[in-house]
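Here is what each chain is made of, one letter per residue.
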Amino acid sequence: REDQPGDRRLVGYVVPAADVADGEEAAGEQVAEWRDLYESVYAGASSGTDWGEEFTGWDSSITGEPIRVEQMRIWRDAAVDNVLRHGPQRVLEIGAGSGLLLSRIAPRVEEYWATDLSPHAIARLSALTGEWSQVRLRCQPADDTSGLPAGHFDTIVVNSVVQYFPSAGYLADVLDGLAGLLAPGGRIVVGDVRRWGTLRLLQEQVQRAKLPDASEAVIRAAVEHAVLVEKELLLEPGWFDQWAAERGFTAEVALKRGAYRNELVVHRYEVTLHASGQVTPDLPVVASLAEVTSVPVRVAGLVNARLAQDGTDPEELHAWAADRGMRAVTMWAPEGPDRFDVVLLPADDSSLVASRVVDASVSEP
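Read on for a plain summary of the structure. If you're wondering where the values come from, they're calculated on a predicted model, not measured in any experiment.

This part takes up the overall build of the protein. Secondary structure summary: the protein contains ten helices and 15 strands in total. Within the protein, the fraction of its 365 residues that count as buried is 48%. As displayed, the protein offers around 17,600 Å² of accessible surface, 50% of which is attributable to carbon and sulfur atoms.

Encoded structure:
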């Protein structure tokens with residue numbers, strides 16, 4: 001590119017795609033890197049911390065400081081509630097870590113199987129659950145389903161793990177393997193997925209905090225560089241819609257719950273992949289809550305106050321709906337990353353699955 005007359009410089013290049021063997025080797029190396037990192041985190045975990053309260057490593061990208069404990073507790077409880085709302089009895093968790101979810105869910109189910117690629121994590125969980133006969137622990141990576149019973153689990157949980165996968169292809173392979181472990185009518189709950197479409201908005205906050213006196217040009221350049229070197233896996237909601245459609249599942253993609261506005265709530269989302277369920281895609285559509293006269297109904301294209309001014313706070317809609325005998329499902333809208341839809345359903349009918357309306361004309365990488 002010639003930014004200055006006579007000064008032609010190379011700014012990018014392309015290379016042939018790696019073959020399958022090279023790709024698999026690179027994926028294995030990245031998984032090993034994350035394993036080594038979390039081995040050190042779990043090995044250094046405080047033995048004096050109450051079980052289910054170990055939030056070491058949950059730091060803000062913006063401030064670099066640990067996310068406040070009260071916010072992490074709300075985050076954990078929302079993830080637990082999202083699993084328990086289906087009334088599970090035979091649960092498998094992939095990537096159990098320090099047991100944030102296991103500690104709350106296992107006492108309420110018949111069976112709780114859990115895997116993790118960290119031997120330290122599994123050893124610690126074994127010590128903590130020694131007297132719990134319903135808990136079975138295995139040290140193995142997410143793409144290894146050996147030793148796990150096929151067609152057995154009504155609920156499989158993959159919470160705050162996907163971002164450490166090496167690629168979307170690896171994720172697809174993992175989900176395909178887990179689908180074979182589901183009992184008829186079961187579901188896979190994929191929690192805490194980072195969204196690609198809001199990465200630049202997040203990085204703008206990060207870079208402004210790091211470079212408070214920098215010019216707009218410098219901030220823009222820093223944001224673009226941060227996006228290019230991002231190591232974690234980020235996905236658009238449409239990826240899960242496509243995976244589900246190709247395999248006969250239904251994807252329920254929901255915004256994160258929480259009244260606070262840290263990055264875990266604003267820039268992540270929840271996915272429930274239902275093997276079966278009464279789907280509600282063709283609902284009456286209205287443009288505002290004032291037009292809601294009956295349920296089920298979809299209120300479309302609301303401005304998300306978490307990402308834009310003069311918008312609606314998604315969390316407030318859950319309280320609004322509950323006061324009127326409804327259940328709200330908030331989800332990303334196809335119009336853009338700062339818009340969302342809310343599907344309002346009868347509170348007493350948990351069989352209804354709220355799927356997104358996907359506009360084929362909108363690119364979802």
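Here the focus is the nonpolar core. Phe-240 and Leu-273 are the most contacted members of the largest nonpolar core, which has 49 residues in total. A per-element tally of this core places helix 5 (residues 168-179) first, with six residues. Val-80, Leu-84, Val-91 and Val-265 belong to the second-largest nonpolar core, a separate cluster that totals 27 residues.

Attention shifts here to helix 6 (residues 199-210). Spanning twelve residues, helix 6 covers 16 Å between terminal C-alpha atoms, matching the ideal 16 Å at 1.5 Å per step. Looking only at helix 6, the buried set comprises Leu-199, Leu-202, Gln-203, Val-206 and Gln-207. The arc enclosing the buried residues of helix 6, seen along the axis, measures out at 130°, which places them on a common side.

Looking now at the packing of helix 5 against helix 8 (residues 237-247). Two packed helices can be described by the angle between their axes and the distance between those axes. Where helix 5 meets helix 8, the axes come as close as 12 Å, and the angle between the chain directions of the two elements is 40°. Put simply, helix 5 runs oblique to helix 8. As helix 5 runs across helix 8, the sense of the crossing is right-handed. Facing helix 5, whose interface residues are Ala-168, Leu-171, Ala-172, Leu-175 and Asp-176, helix 8 presents Trp-239, Phe-240, Trp-243 and Arg-247. Looking at the contact of helix 5 with helix 8 residue by residue, the class counts come to seven nonpolar, no polar and two charged.

On to the packing of aromatic side chains, then. Each aromatic ring pair is described using two quantities: the centre-to-centre distance and the angle formed by the ring planes. A full pass over the atoms with the stated rule returns seven aromatic pairs. Here Trp-51 and Trp-132 contribute two aromatic rings whose centre-to-centre distance is 5.1 Å and whose plane-to-plane angle is 45°, an arrangement assigned as tilted. Note that Trp-51 is positioned in the loop between helix 1 (20-43) and helix 2 (69-84) and Trp-132 in the loop between helix 4 (119-128) and strand 5 (135-139), a separation of 81 residues in sequence. Seen in terms of ring centroids, Trp-58 and Trp-75 are 4.6 Å apart; in terms of plane orientation they differ by 50°. Their pairing is tilted. One end of the pair, Trp-58, is in the loop between helix 1 and helix 2; the other, Trp-75, is in helix 2, and 17 residues separate them in sequence. For the pair Trp-58 and Trp-75, a shared accessibility class is recorded, and that class is buried. Grouped by ring-pair contacts, the aromatic residues Trp-239, Phe-240 and Tyr-269 constitute a single cluster. Above the face of the Trp-332 ring, Arg-195 is positioned so that its terminal group lies 4.4 Å from the ring centre.

The next point concerns the sheet that holds strand 12 (residues 297-303). Read from one edge to the other, the open sheet built from four strands follows the order 11-12-14-13, with strand pairing classed as mixed. Each edge of the open sheet is held by one strand with a lone partner, namely strand 11 (285-286) and strand 13 (326-332). Sheet analysis places strand 12 next to strand 14 (residues 339-346), joined by five bridges and oriented antiparallel. Residue Val-299 lies in a different strand from strand 14, and its bridge partner there is Val-342. On the sheet, helix 10 (residues 314-322) packs against strand 12, strand 13 and strand 14 and is oriented at approximately 160° with respect to strand 13.

Conventions and cut-offs
- Residues numbered from 1 in each chain as written.
- Predicted model: local features only at pLDDT ≥ 70, side-chain atom pairs only at ≥ 80, totals over all residues.
- Heavy atoms only, no water.
- Helix = DSSP H or I, 4+ residues; strand = E, 2+ residues; numbered from the N terminus.
- Buried < 20%, exposed > 50% of the residue type's maximum accessible area, 1.4 Å probe, protein only.
- Areas by Shrake-Rupley, 256 points an atom, 1.4 Å probe, with all protein chains shown as cover.
- Core = buried A, V, L, I, M, F, W, Y, C linked by side-chain atoms within 4.5 Å.
- Expected span 1.5 Å × (residues − 1).
- Arc of directions from axis to C-beta.
- Axes fitted to C-alpha atoms, helices over the stretch in contact; angles between N-to-C directions.
- Parallel < 35°, antiparallel > 145°, perpendicular 65-115°, else oblique.
- Left-handed = near helix turned anticlockwise from the far one by under 90°.
- Contact = heavy atoms within 4.5 Å.
- Nonpolar A, V, L, I, M, F, W, Y, C, P; charged D, E, K, R; others polar.
- Phe/Tyr/Trp six-rings, centres within 6.5 Å; stacked < 30°, edge-to-face > 60°.
- Lys NZ or Arg CZ within 6 Å of the ring centre and 35° of its normal.
- Pairing = 2+ DSSP bridges.

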